[in-house]
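# Architecture at a glance
Residues per chain are reported as follows:
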Amino acid sequence: MDDAIAQMQTLIGALPYLKRYDDQIVVVKYGGHAMGEEETALRFGRDIALLEQVGVNPVVVHGGGPQINAMLSRLGVKSTFVQGLRVTDQQMVEVVEMVLCGTVNKQVAESITRAGALAVGISGKDGGLVTARRATRVVKNPETNQEEVLDLGLVGEPESVDTRVLELLMGADIVPVIAPLGVGRDGQTYNINADTVSGAIAGALKAERMLMLTDVAGVMDANKTFIPEMTVAEARAGIAAGWIAGGMIPKVETCIYAVERGVKGAVILDGRVPHAVLRELFTDGGAGTLIKP
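These remarks concern the structure in this document.

About the cut-offs
In this numbering scheme, every chain counts its residues from 1 along its sequence in written order. This being a predicted model, a pLDDT of at least 70 is required before a residue's local features are given, and a value of 80 or more before pairs of side-chain atoms are given or counted; all residues contribute to the totals for chains, interfaces and linings. Each side-chain value is worked out from all heavy atoms of the structure, with water and hydrogens disregarded. Secondary structure is summarised from DSSP: a helix means a run of H or I of at least four residues, a strand means a run of E of at least two, and numbering begins at the N terminus for each. Burial classes follow relative accessibility: with a 1.4 Å probe on protein chains only, a residue under 20% of its type's maximum area counts as buried, one over 50% as exposed, and anything between as partly exposed. Note on definitions: a residue-residue contact is assigned when non-hydrogen atoms from the two residues lie within 4.5 Å. Pairs were defined over the aromatic rings of Phe, Tyr and Trp, the Trp ring being its six-membered one, requiring ring centres within 6.5 Å. Orientation was assigned from the angle between planes: stacked under 30 degrees, edge-to-face over 60, tilted for the rest. For a Lys NZ or an Arg CZ to count as sitting over a ring, it must be within 6 Å of the ring centre and within 35 degrees of the ring normal. A pair is scored as a salt bridge if a Lys or Arg side-chain nitrogen falls within 4 Å of a carboxyl oxygen belonging to Asp or Glu. Helix span, as expected, comes to 1.5 Å for every residue beyond the first. Nitrogen and oxygen atoms within 3.5 Å of one another constitute a polar contact, given that in protein one can donate a hydrogen and the other can accept it, and given that sequence-neighbouring residues count only through two side-chain atoms. At least two DSSP bridges between two strands are required for those strands to pair. Note on definitions: angles span 0 to 180 degrees between N-to-C directions of axes, and those axes are lines fitted to C-alpha atoms, for helices only across the stretch in contact. Throughout, nonpolar core names a set of buried Ala, Val, Leu, Ile, Met, Phe, Trp, Tyr and Cys residues whose side chains join them through atoms within 4.5 Å.

### Notes on the environment of Val 93
Turning to its location among the elements, Val 93 is positioned in helix H4 (residues 90-114). Given the relative accessible area of 2%, Val 93 is considered buried. The spatial distance from the C-alpha of Val 93 to the C-alpha of Thr 189 is 7.4 Å, given a sequence separation of 96 residues. Setting aside residues no more than four positions away along its own chain, Val 93 makes contact with Thr 88, Leu 154, Thr 189, Tyr 190 and Asn 191.

Below you can see the structure in the form of structure tokens.
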């Protein structure tokens, strides 16, 4: 009886949030260690299926760095990273496409479908979803003190997003699962950071929420205290002051990008925590750091 009462109380507590997110779009970036553990992956699939079944329109964008690294190791191909981006030549982009669009994309889609919601795996190349351009990074040469443009090869960034294929899938109650690749106007395939693709797609869809599943609880302040909520202005100030640093900077910048393009709120949360997505959307406390206008 106590268990039944507790379950009823949980459902009652979730009702306002179920109404809030009914027929709303939630973009979920799925990556990190949460992808590498089978039980965690299956739990993620069940959570996304539940979202679809209660009336939310989830869109999943996944990474796959560890899986790419494993395949490159098997092939004897070495990776080089510049500012967190994998330098990508033609051979490398073919391996990236094989792993992301093949193994990883289909595993994620299958885990959601197995849990009871139809999911279809696509990439940013399909249906003209993500048109990309070559990404550039500028650094200052410490010897000459001159700025130099780094050659990252076939690393891209979104130039435009055509949401029609996503709208068709969601209109048919199908969960889109997106591999982060794009195609240039010349037909060249580009490897794009999954966080960046998530922000671009969430912004184009004017999503209610963008959830970035990572390997940390969220954003910490200068005293290493967890921040449950912050504005775009506060996030920019944290980057400028230096207490938002390292790998957290691009994640926060992606959230800022999405919010400034119409997303109601972007959340950085730990994807290893059981049911983090459901806790963030359907409970008072949430599960990560919310960045809002």
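### Quick notes on the packing of aromatic side chains
Throughout the structure, instances matching the rule amount to two aromatic pairs. Here Tyr 30 and Phe 44 contribute two aromatic rings whose centre-to-centre distance is 3.8 Å and whose plane-to-plane angle is 5°, an arrangement assigned as stacked. One end of the pair, Tyr 30, is in strand E1 (residues 25-30); the other, Phe 44, is in helix H2 (residues 38-53), with 14 residues separating them in the sequence. Here Tyr 30 and Phe 44 have matching classes, each one buried. If you follow Arg 261 out to its NZ or CZ, it ends over the ring of Tyr 257, 3.6 Å from the centre.

### Here we look at the pattern of salt bridges
Pairing is possible between side chains of opposite charge, provided their charged atoms come close. According to the stated counting rule, one finds twelve salt bridges in the structure shown. The salt bridge partner of Lys 29 is Asp 195, with a shortest N-O separation of 3.2 Å. Of the two residues, Lys 29 is situated in strand E1 and Asp 195 in helix H6 (residues 194-205); the sequence distance between them amounts to 166 residues. A residue is classified by how much of its surface remains accessible, and Asp 195, at 7% relative accessible area, is buried.

### Brief notes about H6
Over its twelve residues, H6 runs 16 Å from end to end, which matches the ideal 16 Å to within 8%, given 1.5 Å per residue. Every buried residue of H6 is accounted for by Ala 194, Asp 195, Val 197, Ser 198, Gly 199, Ala 200, Ile 201, Ala 202, Gly 203 and Leu 205. Between the side-chain oxygen of the N-cap and the backbone nitrogen of Asp 195 there are 2.8 Å, and the N-cap of H6 in question is Asn 193.

### Re the sheet that holds strand E10 (residues 175-179)
Spatially, eight strands are ordered E5-E10-E2-E1-E13-E15-E16-E14 in an open sheet, and the strand pairing comes out mixed. Among the strands making up the open sheet, the edge pair consists of strand E5 (119-123) and strand E14 (229-231). Strand-to-strand twist in this sheet, taken as the mean axis angle between neighbours without regard to direction, amounts to 20°. Where E1 meets strand E13 (residues 209-214), four bridges bridge the pair, whose relative direction is parallel. Across the sheet, Val 26 pairs through a bridge with Arg 209, a residue of E13. In this fold helix H7 (residues 232-241) packs onto E14 and strand E16 (288-292), with an angle of close to 90° to the strand it touches most, E14.

### Notes on the nonpolar core
In terms of nonpolar packing, the biggest core is built from 42 residues, with Val 60, Val 108 and Ile 112 touching the most fellow members. Among the secondary structure elements, those contributing two or more residues to this core are E1, H2, helix H3 (65-75), H4, E10, E13, strand E15 (266-270) and helix H9 (276-282). The element that contributes the greatest number of residues to this core is H4, accounting for nine residues. Excluding its chain neighbours within four sequence positions, the residues that come into contact with Val 108 are Tyr 30, Met 35, Phe 44, Val 60, His 62 and Val 177.

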